[in-house]
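Residue-level listing of the chains:
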Amino acid sequence: MQREEKQLELTLEALISQVADLKNSLVSFIYKLENEYDRLTWPSVLDSFALLSGQLNTLNKVLKHEKTPLLRNQVIIPLVLSPDRDEEIMRQTEGRVPVFSHEVVPDHLRTKPDPEVEEQEKQLITDAARISPDVAQKQIQSLNKMCSNLLEKISKEERESESGGLRQNKQTFNPADTNALVAAVAFGKGLSNRRPPGSGGSVQTGQPGAGAIIAGASGMQQVPMSGAPAQQQPMLAGVQMAQAGQPGKMPSGIKTNIKSASMHPYQR
């Protein structure tokens, strides 16, 4: 007798410990749902469900263990009923049950469901017994098909939302290049103001852009035109020397061949 009582006490302690862990997990999960719903992620919810499922499986293993006595054979009888406030019951129930009176005992020590629940359960069992196996199998297949279609739609929506998010987050430009281009256009950052090599002569400050014109002109070569007569080259060279000698004028490095317009092609 003492051995059975000792085994019962150990079993109850193990059950109380498992139930306390399960209760703490439920409290933590409910707190997340009520206070952290704005930043709660689906992997975190799955982790909470996995923790609760593991704790429930552990509790079932303890109940189904071969050394666990059959709790259904144990009878709980209230020894004292009082309408007064009981501090020990308050501590044991964490404030949920302030008194242990005739009003709360039938609810807390009930071993069967409420009469209304029993009637509903009997009605469901009767309705299920009236269905033939073929009809039940068709209903099961229809329900499975509906669940499969629903899961497929949910998976499709998730894939489309993920692909849409990736397309929106994909960057199509380089911010560093954009900033460098804006700084170069607006403030001239990174642009070189050095004069090209080979450019000579002084440029007047009152004429903007003259340095670039002179630099471009000095880089040009004198290419004789094939159609020009040989006797015109000394004259053009003399004109170039004269232009170079005039102050304030830009020397020209390009030969020009001016033809007389006196002969009109349609003129007789």
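Each chain has its residues counted from 1, running along the sequence as written. The predicted nature of this model means local features are confined to residues of pLDDT at least 70 and side-chain atom pairs, given and counted, to a pLDDT of 80 or more, with totals for whole chains, interfaces and linings taken over all residues. Note that the side-chain values use all heavy atoms of the structure and ignore hydrogens as well as water.

Draft legend 1. Examining the pattern of salt bridges more closely. Put simply, a salt bridge is a Lys or Arg side-chain nitrogen that is within 4 Å of an Asp or Glu carboxyl oxygen. Tallying each qualifying case throughout the model produces 9 salt bridges. Note that E88 and R91 form a salt bridge whose closest N and O atoms lie 2.5 Å from each other. Residue E88 and its partner R91 are located together in helix 3 (residues 87–92), separated by 3 residues, close to a single helical turn. Judged by its relative accessible area of 53%, R91 falls in the exposed class. Measuring nitrogen to oxygen at the nearest pair gives 3.8 Å for the salt bridge that ties R110 to D107. On the accessibility criterion, R110 (37% relative accessible area) is partly exposed. Any residue under 20% of the maximum accessible area for its type is buried, any over 50% is exposed, and the rest in between are partly exposed; the area is computed with a 1.4 Å probe on protein chains only. On the accessibility criterion, D107 (54% relative accessible area) is exposed. Several salt bridges converge on common partners, so that one network encompasses K23, E94 and R96. Counting from the N terminus, the helices are DSSP H or I runs at least four residues long and the strands are E runs at least two residues long.

Draft legend 2. Just unusual backbone geometry, in detail. The phi angle at E94 is positive, at roughly 55°, despite the residue not being glycine. Relative to the helices and strands, E94 resides in the loop between helix 3 and helix 4 (105–108). On the accessibility criterion, E94 (51% relative accessible area) is exposed.

Draft legend 3. Just helix 2 (residues 42–64), in detail. In this analysis, the expected span of each helix is defined as 1.5 Å times one less than the number of residues it contains. In this model helix 2 runs 33 Å from its N-terminal to its C-terminal C-alpha over 23 residues, within 8% of the 33 Å that 1.5 Å per residue would give. Note on definitions: a residue-residue contact is assigned when non-hydrogen atoms from the two residues lie within 4.5 Å. Those residues of helix 2 hidden inside the fold are in contact with helix 1 (2–35).

Draft legend 4. Highlighting the side chain of S48. With respect to the helices and strands, S48 occurs in helix 2. Residue classification places S48 among the buried residues on the basis of a relative accessible area of 12%.

Draft legend 5. The arrangement of the environment of T93 in detail. Within the secondary structure, T93 sits in the loop between helix 3 and helix 4. For T93, a relative accessible area of 19% translates into the label buried. From its side chain, T93 meets the backbone nitrogen of V97 in a polar contact 3.2 Å long. Side-chain atoms alone can form a polar contact between residues adjacent in sequence; in general such a contact is a pair of N or O atoms within 3.5 Å, and within protein one must be able to donate a hydrogen while the other accepts it.

Draft legend 6. Structural view of a nonpolar patch on the surface. Patch definition: residues above 30% relative accessible area lacking any salt bridge, with like charges linked at up to 9 Å and the nonpolar side chains Val, Leu, Ile, Met, Phe, Trp and Tyr linked at up to 5 Å. Note that accessible areas follow from Shrake-Rupley with a 1.4 Å probe, and for residues the cover is restricted to the protein chains shown. A cluster of nonpolar side chains, namely L12, I16, L63 and L71, defines an oily patch on the protein surface of about 350 Å² accessible area. Inspection of the secondary structure assignment puts L71 in the loop between helix 2 and helix 3.

Draft legend 7. Quick look at helix 5 (residues 115–130). With 16 residues, helix 5 ought to run about 22 Å at 1.5 Å a step, and its terminal C-alpha atoms sit 23 Å apart, in line with that. Within helix 5, only 0 of the 16 residues are buried, leaving the element largely exposed.

Draft legend 8. Structural detail: the confidence of the model for the protein. For every residue, the pLDDT score states the predictor's confidence, bounded by 0 at the bottom and 100 at the top. Looking at the protein as a whole, the pLDDT averages 75, with 69% of positions reaching at least 70. Across residues 201–247, where pLDDT falls below 50, the model places 29 contacts with residues more than four positions away in sequence or in other chains.

Draft legend 9. Just the packing of helix 1 against helix 2, in detail. With their axes 10 Å apart at the nearest point, helix 1 and helix 2 run at an angle of 165° to one another. The angle between helix 1 and helix 2 falls in the class roughly antiparallel. Of the two possible hands of crossing, helix 1 and helix 2 adopt the one that is left-handed. Along its contact with helix 1, which presents A14, L15, Q18, V19, D21, L22, S25, L26, F29 and K32, the element helix 2 presents S44, V45, S48, F49, L51, L52, Q55, L56, T58, L59, V62 and L63. All axes are obtained by fitting lines to C-alpha atoms, using only the stretch in contact for helices, and the reported angles, taken between N-to-C directions, cover 0 to 180 degrees. Throughout this description, any angle smaller than 35 degrees is read as roughly parallel, any larger than 145 degrees as roughly antiparallel, any in the 65 to 115 degree range as roughly perpendicular, and the remainder as oblique. A clockwise turn of the near helix away from the far one marks a right-handed crossing, whereas an anticlockwise turn of less than a right angle marks a left-handed crossing.

Draft legend 10. Quick look at the packing of aromatic side chains. The criterion for an aromatic pair is that two Phe, Tyr or Trp rings (for Trp, the six-membered ring) have centres within 6.5 Å, with stacked assigned to planes under 30 degrees apart, edge-to-face to planes over 60 apart and tilted to the rest. All chains considered together, the criterion is met by 1 aromatic pair. Note on F29 and F49: the rings are 5.3 Å apart at their centroids and 65° apart in plane angle, and the pair reads as edge-to-face. One end of the pair, F29, is in helix 1; the other, F49, is in helix 2, with 20 residues separating them in the sequence. On the accessibility criterion, F49 (45% relative accessible area) is partly exposed.

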